[in-house]
Amino acid sequence: MVGAALPPRARGLLPVVLVLLVLVAGVLGVGSGRASAETGPRDVVVVGAPGLSWSDVTPEGTPALHSLSQGGAISNLNVRSTYFTSCPVDGWLGLSAGNRAAQPRDVTRGQLRADPRALPHCDSLPEVESSSAMTSVEMDRDFWSGLSKGVAAQGFEARIGSLGSAVHEAGGCITGSGPGAVLAMTSRDGIVHGEGEPGVAEPCPVTLVGAPPITIAEEGDPRQRQVAAVDAAVDDVLTAADADTVVIVAGLSDDGGKPGLRLLAMTGGGTPAGWLHSDSTTRDEMAQVADLTHSVLTIAGMEPPEGIAGRALVPVADDAPARDRVATLVDDDAQLQAADEVIPPFFRGFGVGLVGLLALAGLVARVGPERWRPTIVRAVGLVALAAMAVPASTYLLTLTRWFDTESVLGGFVLRLGVIDLALVAAVLALVLLVVRLAPAHPRGDGPLMARTAVGAVSAITFALLAGDLLLGRGRMTMLSTLGLLPLDGGRFHGFGNVPFAIFAASAFLLMSVLAAPFVARGRRTAAALVVGVVGLVTFVVDAWLGADGGGALALIPSVGYLVLAVAGVRLTWAKVVAIGLVSGVGFLAMAGADWLRPEEQRTHLGRFFQSLLDGDAWGILVRKLETNVDLLLGPERAALLVPVALVAVIWVLARPGSAAGQRVQPLMSAYPGLRVGLIGLVVALTVGFLLNDSGTAIPAAAALVLAPALLVLWAGVGRARDERVEGSATG
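Here we summarise the structure given alongside this text. (Residues numbered from 1 in each chain as written. Predicted model: local features only at pLDDT ≥ 70, side-chain atom pairs only at ≥ 80, totals over all residues. Heavy atoms only, no water.)

1. As for the packing of helix H14 (residues 446–471) against helix H16 (residues 497–520)
The criterion, for reference: Where helices are involved, their axes are fitted lines through C-alpha atoms of the stretch in contact, as for all axes, and angles between N-to-C directions lie from 0 to 180°. Working definition: helices are DSSP H or I runs of at least four residues, strands are E runs of at least two. Numbering for both runs from the N terminus. Oblique is the label for any angle not under 35 degrees, not over 145, and not in the 65 to 115 range, which are roughly parallel, roughly antiparallel and roughly perpendicular in turn. In this scheme the crossing of two helices becomes right-handed for a clockwise turn of the near helix relative to the far one and left-handed for an anticlockwise turn of less than a right angle. We call two residues in contact when some of their heavy atoms are within 4.5 Å.
As a packed pair, H14 and H16 sit with axes 8 Å apart at the nearest point and diverge in direction by 135°. Looking at the two axes, H14 sits oblique to H16. At the point where H14 passes H16, the crossing takes the left-handed sense. Packed against H14, whose contacting residues are Arg451, Val454, Gly455, Ser458, Ala459, Thr461, Phe462, Leu465 and Ala466, the element H16 presents Pro499, Ile502, Phe503, Ser506, Ala507, Leu509, Leu510, Val513, Ala516 and Pro517 at the interface.

Structural data, given as structure tokens:
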């Protein structure tokens, strides 16, 4: 028993329209190559091996696991529980519940806010001896009831015992042995409904085998001995199972060290060699623990109960060498762990650098010597341009092996710098070409150069993110330090908060830059058409390819406002209310359309619509609010500046006659359409901040693009001023 603690003219618009058509075609084609897993019921054995990773598998040290990797369907397993780092008990409880679950820990909410990544003390696993009679085993009722309530209170609506109850209600039985297996065998009422004696060769359709957990994170002989014990257990199961039995090996939890991806493999029952696709993550190379629960039941011919977050695991045949698949899985794990390590110093360094640039710009504007001003202004503009290109560079960085270096942070900074400088060089070449071809402007070349540079970097960032989802299955977005951060368990595909914020900031800057020439010439209809087309592409990419419900809802009113603003339509309260109603209805229509698809093909939108029908939407909103509060009150106290800065920006844009508003007026006057573009962006960021869990990250991530862009535009105005001063002095 367990102890109680545990994205002009008609000709000029043609390329944009073509891009839109390609995007729509891509959306319609997504998932068309999925393999089918339709077969009759088969026996299934799950070998739970907490802490086991693909980097542990070698031909010499783990012959059984290596053989399995060569002939089976494989993937990485995301083992995130309700805590950042999962324990072996959490993995087995997650399998039992078909949802995120964890043994409640003796830690307060305040302590979790202060150190959310603190390594836990993990309790030992309960074990059922293979010689025990399993016709009916009852857990300690008080313990199971308390554990069930503790898990249910963690906010993910997890009900431990779901697997055991589903098997029993389908008229089947479940048996097993080894450390932890009994936690997933037990039904909701605390009873294990077995038959005969536990073991692989028993008549029950579902068998769970607990391999010894790997609890030593450091490489070396002690860990290798634990891995060898797991390999021996897997070998025993593979030897005893017949050819029609499906065997799944899963590293159910972390290993006592940093969070990481773990091993997942399936063989037997006609499983082809290749990938193990997850319908819940929509990825071939990553599944989650809850998928195991759903898959065990469907393979055994049983109906998964409502409330299971996982979806079916589908083998996808692949003719490439098995070693290439394993290498991809090992690299993904290594890159995500390295990204997790460099994120704190990256954000602190980038933030300090931006504040320094802003301070330098302010000092130059107020007290700097006049003779130094042109040089400093141009230097600030160049550095800001390089800073603006950093987010795009982080996505391109995932195409390199930056993580495979002696110093992870050093490899990150060095390769990021090289990619960033290459992007800046390309943008500057474009700027010089545009200035050479454009007619002379009475205000000088400064604003044109700055606007072109900002537009180019925005377009590059926008195209990278959209193209990655359309053509690259979102791998750059998944692996980047400014990506989904799947080790945190937030998202596994599409756009999360950070990619959405960077995408939206780039989109609104791009729309402002493209609309500016039309606004300046009074061609309001053309400006509105350009904004409408780019805004529509942005929405399609975010809502469908990005599967981003909150982001889509934020884009409807913000893009709608910008279209009306550049068209010269005066906003009244009636129009504002109408935009709000259209946003709500449009979101519900989009979510409802997604809900009409088969359940296993639904995105976050369809699942949220289902929660509305079930009356569970309020609980989801409360959990999002609690997550935002935890972030604001967490160890990174700078997060508290996010809502303050957002309110300050709203004040400056809403009150142009105020002292702060007058200070930025020269910038707004030099770039037609900038002010309304910023207002539209702020609307999107505010709605996104309020509607998303971890929404605090949205304004902060957008600032990574927006703040440097404004500095580049400021430098353009400064350059024009300096050129006029020099012209009057020489005249």
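Moving on, there is more to tell.
2. A look at the state of the cysteines
Stated formally: Disulfides are defined in this document as cysteine sulfur pairs within 2.5 Å. Each residue is assigned to one of three classes by its accessible area relative to the maximum for its type, calculated with a 1.4 Å probe on protein chains only: buried under 20%, partly exposed between the two thresholds, exposed over 50%.
Counting across every chain of the model gives two disulfides. In this model, Cys87 is linked to Cys122 through a disulfide, with the two sulfur atoms separated by 1.9 Å. In this structure, the disulfide formed by Cys87 and Cys122 twists by about -75° around the S-S bond and is classed as left-handed. Of this pair, Cys87 sits in the loop between strand E2 (73–78) and helix H3 (88–97) while Cys122 is found in the loop between helix H4 (109–114) and strand E3 (127–128), placing the two residues 35 residues apart along the sequence. We classify Cys87 as buried; its relative accessible area is 4%. Here Cys173 connects covalently by a disulfide to Cys204, the sulfurs 2.0 Å from one another. Judged by the torsion about the S-S bond (-120°), the Cys173/Cys204 disulfide is left-handed. Separated by 31 residues along the polypeptide, Cys173 in the loop between helix H6 (162–169) and strand E5 (174–179) and Cys204 in the loop between strand E6 (191–192) and strand E7 (206–210) bring together distant segments of the chain. Judged by its relative accessible area of 8%, Cys173 falls in the buried class.

3. Overview of the nonpolar core
How we decide: What makes a nonpolar core is a set of buried Ala, Val, Leu, Ile, Met, Phe, Trp, Tyr and Cys residues whose side-chain atoms join them at distances within 4.5 Å.
Membership of the largest hydrophobic core comes to 106 residues, with the highest contact counts inside it found for Trp402, Val454, Ile502, Phe508, Met511, Val541 and Val566. When residues in this core are grouped by element, the largest group, 16 residues, is from H16. Setting aside residues no more than four positions away along its own chain, Val566 makes contact with Val519, Arg524, Ala527, Ala528, Val531 and Val676. Judged by nonpolar contacts, the second largest core, of 48 residues, contains Ala73, Leu163, Val246 and Leu252.

4. Quick notes on the packing of aromatic side chains
Rules: Stacked, tilted and edge-to-face pairs are distinguished by plane angle, under 30 degrees for stacked and over 60 for edge-to-face with tilted covering the rest, among Phe, Tyr and Trp rings (Trp via its six-membered ring) whose centres lie within 6.5 Å. Charges are assigned to positions over rings by a cutoff of 6 Å between ring centre and Lys NZ or Arg CZ, combined with an angular limit of 35 degrees from the ring normal.
In this structure the tally under the stated criterion is eight aromatic pairs. Measuring from centroid to centroid gives 6.2 Å for Trp402 and Phe403, while their planes differ by 90°, and the two rings are edge-to-face. Note on accessibility: Trp402 and Phe403 belong to one class, buried. Ring geometry for Phe539 versus Trp544: centroids 5.9 Å apart, planes at 80°, classification edge-to-face. On the basis of relative accessible area, Phe539 is assigned to the buried category, the value being 15%. An aromatic cluster is defined as three or more aromatic residues linked by ring pairs; in this entry it consists of Phe346, Phe347, Phe350, Trp402, Phe403 and Phe412. Over the ring of Phe84 we find Arg80; its NZ or CZ atom is 4.6 Å from the centre of that ring.

5. Here we look at the pairing of strand E12 (residues 313–317)
Definition in use: One bridge is not enough; two strands pair if DSSP finds at least two bridges between them.
Counting buried residues along E12, four of its five residues qualify, which places the element largely inside the surrounding structure. Bridging between strand E10 (residues 274–278) and E12 involves five bridges; their strand directions are antiparallel. Its bridge partner being in E12, Gly274 is matched across the sheet by Ala317.

6. With respect to helix H17 (residues 524–545)
Let me state the cut-off plainly: A helix is expected to reach a length of 1.5 Å times the quantity of its residues less one.
Over its 22 residues, H17 extends 31 Å from the first C-alpha to the last, a length consistent with the 32 Å expected when each residue adds 1.5 Å. Judged by how many residues are buried, H17 sits mostly within the fold: 16 of 22 residues are covered. Looking one or two residues past H17, Ala547 carries a phi angle of roughly 45°, positive in sign.

7. Comments concerning the pattern of salt bridges
Applicable threshold: In what follows, salt bridge is the name for a side-chain nitrogen of Lys or Arg lying within 4 Å of a carboxyl oxygen of Asp or Glu.
For the structure on display, the rule yields 13 salt bridges. Among the ionic pairs, Asp331 bridges to Arg401, the shortest N-O distance being 2.6 Å. Here Asp331, found in helix H10 (residues 322–366), pairs with Arg401, found in the loop between helix H12 (390–397) and helix H13 (408–437); they are 70 residues apart in sequence, far enough to count as distant. Residue Asp331 is classed as partly exposed on the basis of its relative accessible area of 22%. Take Arg401: its relative accessible area is 40%, and that puts it in the partly exposed class. Note that Arg475 is salt-bridged to Asp332, the shortest N-O span being 2.7 Å. In this pair, Arg475 sits in helix H15 (residues 475–479) while Asp332 sits in helix H10, placing the two residues 143 residues apart along the sequence. Overall, the relative accessible area of 21% leaves Arg475 in the partly exposed class. What makes Asp332 buried here is its relative accessible area of 3%. One network of salt bridges, with partners in common, ties together Asp56, Arg223, Asp254, Asp255 and Arg262.

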